[in-house]
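Examining the three-dimensional arrangement
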Amino acid sequence: MRVEFSYLAKQFGECGDILEAIRKVVQRGDFTLGKEVREFEEKFATLCGTKFAVGVNSGTDALFLSLKVLGIKEGDEVITAPNSFIATVGAIIACGAKPVFVDVNDEYLIDTSKIRSAIGKKTRAIMPVHLTGNPCDMLAITSIAEEYGLFVVEDACQAVSALLNGRFVGSFGDAAAFSLHPLKNLNVWGDGGIMTTSSEEIYKKLLLLRNHGLADRNICQLFGYNSRLSTVQATVALAVLKNLEGITQKRMTRAIFYDKNLSDIPEITIPPRAQNKNQVFHLYIVMAQRRDELLEWLLKQGVDAKIHYPIPLHLQPASRCLGYKKGNFPVCEKQAESIISLPAHQYLTEDEQGYVVDMIREFYRDKR
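First, a word on scope: everything that follows refers to the structure included in this document. Numbering of residues starts from 1 in each chain and follows the order in which that chain's sequence is written. Given that the model is predicted, a residue must reach a pLDDT of at least 70 before its local features are reported, and side-chain atom pairs must reach 80 or more before they are shown or counted; all residues, however, enter totals for whole chains, interfaces and linings. Note: side-chain values were computed over all heavy atoms of the structure, leaving out hydrogens and water.

This part is about the side chain of Arg-210. Helix and strand assignments come from DSSP, with helices taken as H or I runs of at least 4 residues and strands as E runs of at least 2, each series counted from the N terminus. Structurally, the position occupied by Arg-210 is in the loop between α7 (200–209) and α8 (231–241). Per-residue accessibility, obtained with a 1.4 Å probe over protein chains only, is compared with the maximum for each type, and a residue is labelled buried under 20%, exposed over 50%, and partly exposed between these values. Classification of Arg-210 as buried rests on a relative accessible area of 6%. Contacts described as polar in this section are N or O atom pairs within 3.5 Å, which, within protein, must combine one atom able to donate a hydrogen with one able to accept it, while residues neighboring in sequence count only if both atoms come from side chains. A polar atom in the side chain of Arg-210 sits 2.7 Å from the side chain of Glu-41. Look past the residues within four positions of Arg-210 in its chain and what remains in contact with it is Leu-33, Val-37, Glu-41, Val-54, Gly-55, Val-56, Leu-65, Tyr-225, Asn-226, Ser-227 and Arg-228. What makes two residues a contact is simply this: any of their non-hydrogen atoms within 4.5 Å.

Next comes the structure, spelled out in structure tokens:
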């Protein structure tokens, strides 16, 4: 059996309605900030429970512009977790600021008990990462931020429609960034991103920053960037948005299946599942003993497993200038040595999931 990690061929195998909608965009020539962009922004803000949303050309730019709009600049420090995708730190560096890492907890999320000790005179913001679609403890984070006068930018790139205490991620911080990358739960046909905020001041400035700082065709109010969400991509996003609730529920169902059927394998450690959260499982990650051998075995058996992410951010070659070394964040580093991502998308069948579990059981049975 072949169990794919990517589901794009199935998701967009029949896309006649989307192509027809794109044809209308092409006929109008409405490629730049067209009406579909505005419609998607309005619907996304409603989804997240925020007043505003601003579409941009990638999740990375969503992170970058969320920091820039808050005035994060050279010499500032931004606290974040070391186990995210490189874009989290890349956005901080692009602002001229310095990322300051804090170790993570058993849920693979920033350990809020360690944040205060990382705050210094140059700290301007906290950027929690809702990794795998699992909400961070935003109540603790926003409380710390308020205590120290810091901004909060949510890296919600993997967490569209995730809930904490019945409240959507993206609505806790001063601003939040989401990715619309093809493999995200809400995806487009290329790169895309979107930011949320409930501050009208931030919203108006984001509109300028993403479009060269132009107030209209002829007046530039500030020097900004070319980071507009394409109307074509917004058209795709609107089509997928209609099915997002179903996509989310199916991914949660896949996770429940894995949790139930992997829980009795001693070599597999499933992270805690908090009762006050709806985790949307952009990724399904567990810790596995002899991880590298298991990964090789699964790939040979046709199971397209992955690792997200094998090298923590503070140990990347690009991070040498930050002065961190191995041992600085032991929880993150231990997890990086044993985490494995299993296919858990909405098109996965129960037979396919059962096969994945069977192959994991067979591997450990043979190794004991």
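Still to come is the rest of the account.
Judged by pairing direction, the sheet is antiparallel, and its 3 strands sit side by side in the order β7-β6-β11 without closing on themselves. Each edge of the sheet is formed by a strand with only one pairing partner; in this case those strands are β7 (167–168) and β11 (277–278). In short, DSSP must find at least two bridges between two strands for them to pair. Strand direction decides the pairing type here: strand β6 (residues 163–164) and β11, joined by 2 bridges, are antiparallel. Each bridged residue has a counterpart across the sheet, and for Leu-163 the counterpart in β11 is Asn-278.

The omega angle of the peptide bond from His-308 to Tyr-309 is 10 degrees, so this bond is cis rather than trans. Relative to the helices and strands, Tyr-309 resides in the loop between α10 (291–300) and α11 (330–336). Positive phi values are uncommon outside glycine, yet Tyr-108 reaches one of about 70 degrees. Its place among the elements puts Tyr-108 in the loop between β3 (98–101) and β4 (123–127). Judged by relative accessible area, which is 4%, Tyr-108 ranks as buried.

This next bit is on helix α2 (residues 16–28). Taking 1.5 Å of rise per residue, 13 residues should cover 18 Å, and α2 covers 19 Å from first to last C-alpha, within 8% of that figure. For α2, the full list of buried residues reads Ile-18, Ile-22 and Val-25. Down the axis of α2, the buried side of the element spans an arc of 50 degrees, and every buried residue falls inside it. Summarising the geometry of α2, the exposed residues directed more than 90 degrees from the buried face are Gly-16, Asp-17 and Gln-27. Next to the buried residues of α2 lie α3 (35–48) and α8. Once α2 finishes, Gly-29 follows within two positions and takes phi at roughly 65 degrees, a positive value. Expected span, for any helix, means 1.5 Å times one less than how many residues it has. Here the arc refers to the set of directions running from the helix axis out to each C-beta atom.

A general tendency of soluble globular proteins is for nonpolar side chains to be buried together. Joining through side-chain atoms within 4.5 Å is the link that ties buried Ala, Val, Leu, Ile, Met, Phe, Trp, Tyr and Cys residues into a set, and such a set is a nonpolar core. Grouped together as the largest cluster of nonpolar side chains are 65 residues, with contacts concentrated most on Tyr-258, Leu-298 and Ile-360. Looking at this core, the elements with two or more residues in it are β3, α6 (138–148), α9 (244–262), β12 (284–288), α10, β13 (339–342) and α12 (350–367). With 7 residues, α12 is the single largest residue contributor to this core. In this view, Leu-298 contacts Val-303, Ala-305, Ile-340, Leu-342, Val-356, Met-359 and Ile-360; residues no more than four positions away in its chain are not counted. Listed in part, the 31 residues of the second largest apolar core include Ile-18, Ala-162, Phe-178 and Leu-186.

What follows deals with the sheet that holds strand β8 (residues 175–179). As a general point, the strands of a sheet are linked pairwise by backbone hydrogen bonds and lie either parallel or antiparallel. The 7 strands lie next to each other as β1-β9-β8-β5-β4-β2-β3, forming an open sheet whose pairing is mixed. Taken across any chain shown, the strands that pair with only one partner, and hence form the sheet edges, are β1 (52–56) and β3. Pairs of neighbouring strands in the sheet enclose a mean axial angle of 25 degrees, with direction left out of account. Here strand β5 (residues 151–155) runs beside β8; their pairing, made up of 3 bridges, is parallel. By the bridge assignment for β8, Asp-155 is matched with Ala-177. Its contacts with the sheet put helix α4 (residues 59–68) on β1, β2 (77–80), β4, β5, β8 and β9 (193–197), and the angle it makes with β8 is roughly 170 degrees. What counts as an axis is a line fitted to C-alpha atoms, over the stretch in contact for a helix, and the angles between N-to-C directions run from 0 to 180 degrees.

Here Asn-134 shows up in the loop between β4 and α6. Considered as a pair, Asn-134 and Phe-281 are 147 residues apart in the sequence and their alpha carbons are 7.1 Å apart. Not counting residues up to four positions away in its chain, the partners in contact with Asn-134 are Glu-107, Leu-109, Lys-277 and Gln-279. A distance of 3.0 Å separates a polar atom in the side chain of Asn-134 from a polar atom in the side chain of Glu-107.

Take α9 next. Along its 19 residues, α9 runs 27 Å from first to last C-alpha, staying within 8% of the 27 Å computed at 1.5 Å per residue. All of the buried residues along α9 are Leu-244, Ile-247, Thr-248, Arg-251, Met-252, Arg-254, Ala-255, Phe-257, Tyr-258, Asp-259 and Leu-262.

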